[in-house]
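# Structural overview for review
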Amino acid sequence: MPLQLYFSPGACSFVPHALLEISGASFEPTMVKLHKGEQYEAAYQAVNPRGQVPVLVDEGHVITQLMAIVLYLDQKFPAHGFLPIDALPRAKALEILAWMNNTVHTTFAHIFLPHKFSDQADVQVALKAFNTGLYKTLLTELQDLVLASQAAGQAWLSGAHFGPLDAYTLTLTRWGSMAGIDPEGCPALWAFVNKVAAHPQVARVMERERLQLNVFKPA
């Protein structure tokens, strides 16, 4: 039975989607249209009652949460070196991955889904405005990570091999363009994201998800 990945186009599920494509393993990508509320339908609730993506199913075993799925795929496909093996580089890569997931990702949620954090319209407007400004600073910090990895002579953010940090960087930068932040304002970051997008397997995932890399529209 092939692996099954439940994903939504452009969501953080892009990260394991890219890793699975790079792994070369047989897997079944199953789209969940969050904007149509498919995550609340009975069929998907039976898979993940939290109604979130990504979800990975392997031999009937359901794994949820991005961090858990990434670690699982890293161990399932060790030849691809998605995360470093040595203790310190691995810890530093996981440190960045956790920051992306619990800080940058969450900040975007306050921009894109402010209704999840308040039922008051004026508060929602304030949340969106404040967190858009904050997100700009986080993208600058992300660019600093790119520059540091390049200064260290690394091909990718966590070393010689493509990994989850690279796919997540593309996702988070793309989200910034959705929030009205011009990605070209962080030129080193934007150049790196274009490098990620040009990776053949990543490009295949982008085509499957029908993603436009930059959706920024000047005011």
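Residues numbered from 1 in each chain as written. Predicted model: local features only at pLDDT ≥ 70, side-chain atom pairs only at ≥ 80, totals over all residues. Heavy atoms only, no water.

## Looking at the environment of Tyr 40
Defined as follows: Under the DSSP-based scheme used, a helix requires at least four consecutive residues in state H or I and a strand at least two consecutive residues in state E, with every element numbered from the N terminus. Only protein chains enter the accessibility calculation, which uses a 1.4 Å probe; a residue whose area is less than 20% of its type maximum is buried, one above 50% is exposed, and one in between is partly exposed.
Structurally, Tyr 40 is set in the loop between β2 (27–31) and α2 (42–45). In this structure Tyr 40 comes out as exposed when scored by relative accessible area, which is 58%. Taking the C-alpha atoms as reference points, Tyr 40 and Arg 50, separated by 10 residues in sequence, lie 8.7 Å from one another.

## Observations regarding the pattern of salt bridges
Put simply, the rule reads: We define a salt bridge as a side-chain nitrogen of Lys or Arg found within 4 Å of a carboxyl oxygen belonging to Asp or Glu.
Using the criterion set out here, one finds five salt bridges in the structure. For the salt bridge of Asp 58 with Lys 76, the shortest nitrogen-to-oxygen distance reads 2.9 Å. Taken as a pair, Asp 58 in strand β3 (residues 55–58) and Lys 76 in helix α3 (residues 66–76) lie far apart in primary sequence, 18 residues in all. On the basis of relative accessibility, which here comes to 7%, the residue Asp 58 falls in the buried class. Residue classification places Lys 76 among the partly exposed residues on the basis of a relative accessible area of 37%.

## Thoughts on the pairing of strand β1 (residues 3–7)
We count it as follows: Strand pairing is defined by DSSP finding a minimum of two bridges between the two strands. By convention, a crossover is right-handed whenever its connection, traced from the first strand over the helix to the second and viewed with the strands pointing away, goes clockwise.
Counting buried residues along β1, five of its five residues qualify, which places the element largely inside the surrounding structure. Residues Leu 3, Leu 5 and Phe 7 line one face of β1 and the alternating positions Gln 4 and Tyr 6 line the opposite face, and both faces are buried. Sheet topology places β1 next to β2; five bridges connect them, and they run parallel. Across the sheet, the residue bridging to Leu 5 is Pro 29, located in β2. Considered for its hand, the β-α-β crossover made up of β1, helix α1 (residues 14–23) and β2 is right-handed. As judged from the three bridges shared by β1 and β3, these two strands associate in the antiparallel manner. In the sheet register, Tyr 6 faces β3, and the bridge partner there is Val 55.

## What about the side chain of Thr 169?
This is how the line gets drawn: By definition in these notes, contact holds between two residues if any of their heavy atoms fall within 4.5 Å.
With respect to the helices and strands, the residue Thr 169 is situated in helix α6 (residues 164–178). Judged by relative accessible area, Thr 169 falls into the buried class, the value being 0%. If we ignore the near neighbours within four places in the chain, the residues touching Thr 169 are Met 100, Leu 142, Leu 157, Leu 189, Phe 192 and Val 193.

## Section: unusual backbone geometry
Backbone torsion omega between Val 53 and Pro 54 reads 5°, so that peptide bond is classified as cis. Its location among the elements puts Pro 54 in the loop between α2 and β3. Even without being a glycine, Gln 65 presents a positive backbone phi close to 75°. Within the secondary structure layout, Gln 65 lies in the loop between β4 (61–64) and α3.

## Details of the packing of α3 against helix α4 (residues 87–112)
Each pair of packed helices can be described by the angle between their axes along with the distance between the axes. The condition that has to hold: Angles shown run from 0 to 180 degrees and are taken between the N-to-C directions of axes, each axis being a line fitted to C-alpha atoms and, for helices, limited to the stretch in contact. Throughout, the term roughly parallel applies to angles under 35 degrees, roughly antiparallel to angles over 145, roughly perpendicular to angles from 65 to 115, and oblique to all others. Each crossing is labelled by how the near helix is turned from the far one, with a counterclockwise turn of less than a right angle marking it left-handed and a clockwise turn marking it right-handed. Basically, the charged four are Asp, Glu, Lys and Arg, the nonpolar ten are Ala, Val, Leu, Ile, Met, Phe, Trp, Tyr, Cys and Pro, and anything else, Gly included, counts as polar.
Orientation of α3 relative to α4, taken along the N-to-C sense of each, is 150°, at an axis distance of 11 Å. The angle between the axes of α3 and α4 places the two elements in the roughly antiparallel class. By crossing handedness, the relation of α3 to α4 is classed as right-handed. Contact residues: α3 offers Leu 66, Met 67, Val 70, Leu 71 and Asp 74, while α4 offers Arg 90, Leu 94, Leu 97, Ala 98 and Asn 101. Class assignment of the residues belonging to the contact of α3 with α4 gives a composition of seven nonpolar, one polar and two charged.

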